[in-house]
Amino acid sequence: MRKTTTLLAAGALAAGTLTALGISQASGADATGAITGYGGKCVDIAAASSANGTAVQLYDCNGTSAQSWTVSSDGSLRALGKCMDVTAAGTANGTKVQLYDCNGTNAQKWTASNGALVNAGSGRCLDATGPSSANGTRLQIWDCAGSANQKWTLPTGGGTPPTTPPSGGTGVQAVAPYLYNGWGNPPDPTTIMNATGVKWFTLAFVLSNGSCNPQWDGGRALTGGVDQNTINKIRAAGGDVVPSFGGYSGNKLEESCTSASALAGAYQKVINAYGLKAIDIDIEASAYSNGTVQQRTVDALKTIKANNPGIVEYVTIGTGQSGPDTGLINKAAASGLTVDSWTIMPFDFGGAGQNMGTLTTRAADGLKNALKSAYGYTDDQAYRHSGISSMNGITDNNETVTVADFRTILGYAQQHHLARLTFWSANRDRPCPGGYPNDDTCSGVSQSAWDFTRTFAQYGG
């Protein structure tokens, strides 16, 4: 058993403001690149399919051809050889936008105005449904309201679509090693940042103080102490943090808060204290096995999503060798909660001498299958909502995860475009000066300082 272990979590537009032809306001004619919108996400063609009728959606920017749009002088927006089209030339609010053969009709003509894209056939604006910035959010037409989910930035020409971190339409980095101030001789995060290029850390753990009140480790003040100093230092160096709620030990907010609204309030207190872009929810140990606590957590996360547009939510859970227990995932899907990454902890399977790189990828495939079943995702969508949180070095069950295993995991993440790639912990990412002390100060395997972080820092999504 890990000692603390991770986480491991409007009015209408005024007439006369439209530009004359098409979309020249934000770009020159025939500019090519990404169209970005709500939550910093990119306008994307689902599964990169060029079939007529393919959904046009929001998705993490990834630099692929499915997000490379040409702003044509005829007012159309083109990708994969086809045009952005209002389904069946509909004009009603809520009509979905799709990819279709270019045909020159008004259903495929768009005009830029004050950041909006107005469809010529309907006079309505391109709109992210919900409003939501979740991956897979369908685009539709709706009455122009000047709202954030109707604001779009078009390519300026000459460039390629940007690549942003998975799950990071808001700039949240997929790679954020765990850093723990409770013990384990915490390293200086700026030392790791300078040595490896990693910018983000997952800061552990926010717990209950015995009531529905969040504190670091259940005992350190939320602000003003060592944890805030760590956050300030990381941000001053150009990085940021993802606070992790939970861990294996201690009092969990998910159990101490007796209602979903109270739990959401506790989460919100931490979000407000630091102006967070992302949170990480651990629901392991007794909390994970309690169905009431699971549902409370799901409902609280729905509230956080609704009240904090664009926030990234991670939920991290344990797993067996063939994948995780699906109870929490199924509850979330049935309740309409879509999180940015379901992240498994593929270790503590039991027994030494196993190839942990292979076991990790096997468990991750199991997670992918669970997400497909629960949410109706394609393989690609399921992978892009998946994450891995490994443990570097000797695990609590005496398995050995080596730097070579991290390279295997990195290759798998790159192949499948996982939403998250992290590990427990930066404290352990150092060689031991003597024998392995099992106190979270070093890894217990042959390495140079920060080798595990340096490996995962190569991940580009």
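An unreviewed UniProt entry annotates the chain as Glycosyl hydrolases family 18 of Actinacidiphila alni.

One can read the domain layout of the chain as domain 1 (31–150) and domain 2 (178–457). With centres defined by C-alpha atoms, the gap from domain 1 to domain 2 works out at 34 Å. Each partner contributes to the interface: domain 1 provides 7 residues, whereas domain 2 provides 7 residues. Carbon and sulfur atoms supply 46% of the area that domain 1 and domain 2 bury against each other, a total of about 650 Å² over both sides. Counting the contacts that link domain 1 with domain 2 gives 0 salt bridges. In this structure, the connection of domain 1 to domain 2 is made through 0 residue pairs in polar contact (both at pLDDT 80 or more). Classifying every residue of the side of domain 1 that touches domain 2 by side-chain character gives 2 nonpolar, 4 polar and 1 charged.

What follows is about the pattern of salt bridges. According to the stated counting rule, one finds 15 salt bridges in the structure shown. When the shortest N-O distance is used, the salt bridge between K41 and D60 registers 3.6 Å. Placement of K41 in the loop between β1 (31–33) and β2 (42–45) and of D60 in the loop between β3 (56–59) and β4 (69–71) is noted, with a sequence separation of 19 residues between them. Among the ionic pairs, R220 bridges to D217, the shortest N-O distance being 3.1 Å. Taking the relative accessible area as the measure of exposure, R220 reaches 23% and is therefore partly exposed. D217 sits in the partly exposed class, given a relative accessible area of 25%. The network of salt bridges with common partners includes D217, R220 and D227.

In this section: the sheet that holds strand β7 (residues 97–100). Sheet strands associate in pairs through backbone hydrogen bonding, adopting either a parallel or an antiparallel arrangement. Strand order in this open sheet of 5 strands is β1-β4-β5-β6-β7, and the pairing throughout is antiparallel. Of all strands in the sheet, those with a lone pairing partner are β1 and β7, marking the two edges. Adjacent strand axes in the sheet meet at a mean angle of 35° when their direction is disregarded. Direction of pairing for β4 relative to strand β5 (residues 77–79): antiparallel, over a ladder of 2 bridges. Pairing of V71 across the sheet is with L77, part of β5.

Moving on, we come to the state of the cysteines. A full pass over the atoms with the stated rule returns 5 disulfides. Here C83 pairs with C102 through a disulfide, and the sulfurs are 2.1 Å apart. Given an S-S torsion of about 100°, the disulfide between C83 and C102 has right-handed geometry. In this pair, C83 sits in strand β6 (residues 82–86) while C102 sits in the loop between β7 and β8 (110–113), placing the two residues 19 residues apart along the sequence. Note on cysteine connectivity: C212 is disulfide-linked to C257, with sulfurs 1.9 Å apart. Sign of the S-S torsion, about 95° for the bond between C212 and C257, identifies this disulfide as right-handed. Of the two residues, C212 sits in the loop between β13 (200–208) and β14 (214–216) while C257 sits in the loop between α3 (253–256) and α4 (260–274), which places them 45 residues apart along the sequence. Look at C212 and you get partly exposed, because its relative accessible area is 27%. Sequence-ordered numbering of the bonded cysteines in the chain gives a disulfide pattern of 1-2, 3-4, 5-6, 7-8, 9-10.

So, on to the environment of T258. Tracing the backbone through its elements, the reader meets T258 in the loop between α3 and α4. With 47 residues separating them in the primary sequence, T258 and S211 have C-alpha atoms 9.3 Å apart.

Take the side chain of D405 next. Structurally, D405 is set in helix α10 (residues 403–416). The charged side chain of D405 is buried without a salt bridge, its nearest counter-charge being R407 at 9.1 Å. Apart from residues lying up to four places away in sequence, D405 is in contact with N355, M356, G357 and T400.

Residues of helix α7 (residues 327–334) that are buried include every one of L328, I329, A332 and A333, and no others. Viewed end-on, α7 has its buried residues packed into an arc of 130°, placing them on one side of the element. Buried residues along α7 sit against α5 (285–289), α6 (291–307), β17 (312–318), β18 (341–345) and α8 (356–375). A positive backbone phi angle near 80° is found at G336, which sits one or two residues after α7.

So, on to the packing of α7 against α8. Interhelical geometry of α7 versus α8 gives an angle of 30° and a closest axis separation of 9 Å. The angle between α7 and α8 falls in the class roughly parallel. Between α7 and α8 the crossing geometry is right-handed. For the pair α7 and α8, the contacting residues are I329, N330, A332 and A333 in the first and L367, A370, L371, A374 and Y375 in the second. For the contact of α7 with α8, a count of residues per class yields 8 nonpolar, 1 polar and no charged.

This part is about the layout of surface pockets. Of the pockets and cavities examined, the largest pocket occupies roughly 290 Å³. Considering the residues around the largest pocket, the lining is formed by 15 residues, among which P131, S132, K302, K305 and A306 are closest to the centre. Each of domain 1 (31–150) and domain 2 (178–457) gives at least three residues to the lining of the largest pocket.

Here we come to the packing of α4 against α6. Where α4 contacts α6, the axes come no closer than 8 Å and their chain directions differ by 50°. If you check the angle between α4 and α6, you find them oblique. Between α4 and α6 lies a crossing whose hand is right-handed. Between α4, through A260, L263, A264, Y267, Q268 and I271, and α6, the contact on the second element is made entirely by R296, T297, D299, A300, L301, T303, I304 and N307.

Put simply, G130 and P131 share a cis peptide bond, and its omega is 0°. Along the chain, the position of P131 falls in the loop between β10 (125–128) and β11 (139–142). Even without a glycine there, the phi angle at A285 is positive, about 55°. Located in the positive-phi region is D440, a residue other than glycine, with phi close to 65°. Residue position: D440 is located in the loop between β22 (420–424) and α11 (451–456). You can call D440 buried: its relative accessible area is 4%.

Rules and cut-offs
Residues numbered from 1 in each chain as written. Predicted model: local features only at pLDDT ≥ 70, side-chain atom pairs only at ≥ 80, totals over all residues. Heavy atoms only, no water. Domains from an automatic or database assignment. Contact = heavy atoms within 4.5 Å. Buried area = accessible area lost by both parts, 1.4 Å probe. Salt bridge = Lys/Arg side-chain N within 4 Å of Asp/Glu carboxyl O. Polar contact = N/O pair within 3.5 Å; in protein donor to acceptor, adjacent residues only side chain to side chain. Nonpolar A, V, L, I, M, F, W, Y, C, P; charged D, E, K, R; others polar. Helix = DSSP H or I, 4+ residues; strand = E, 2+ residues; numbered from the N terminus. Buried < 20%, exposed > 50% of the residue type's maximum accessible area, 1.4 Å probe, protein only. Pairing = 2+ DSSP bridges. Axes fitted to C-alpha atoms, helices over the stretch in contact; angles between N-to-C directions. Disulfide = S-S within 2.5 Å. Lys, Arg positive; Asp, Glu negative; His and termini not counted. Arc of directions from axis to C-beta. Parallel < 35°, antiparallel > 145°, perpendicular 65-115°, else oblique. Left-handed = near helix turned anticlockwise from the far one by under 90°. 1 Å grid on protein atoms, 1.4 Å probe; cavity = no way out; pocket = protein on both sides within 12 Å on 5 of 7 lines; lining within 4 Å. Points joined across faces, edges and corners; volume = space filled by probe spheres on them.

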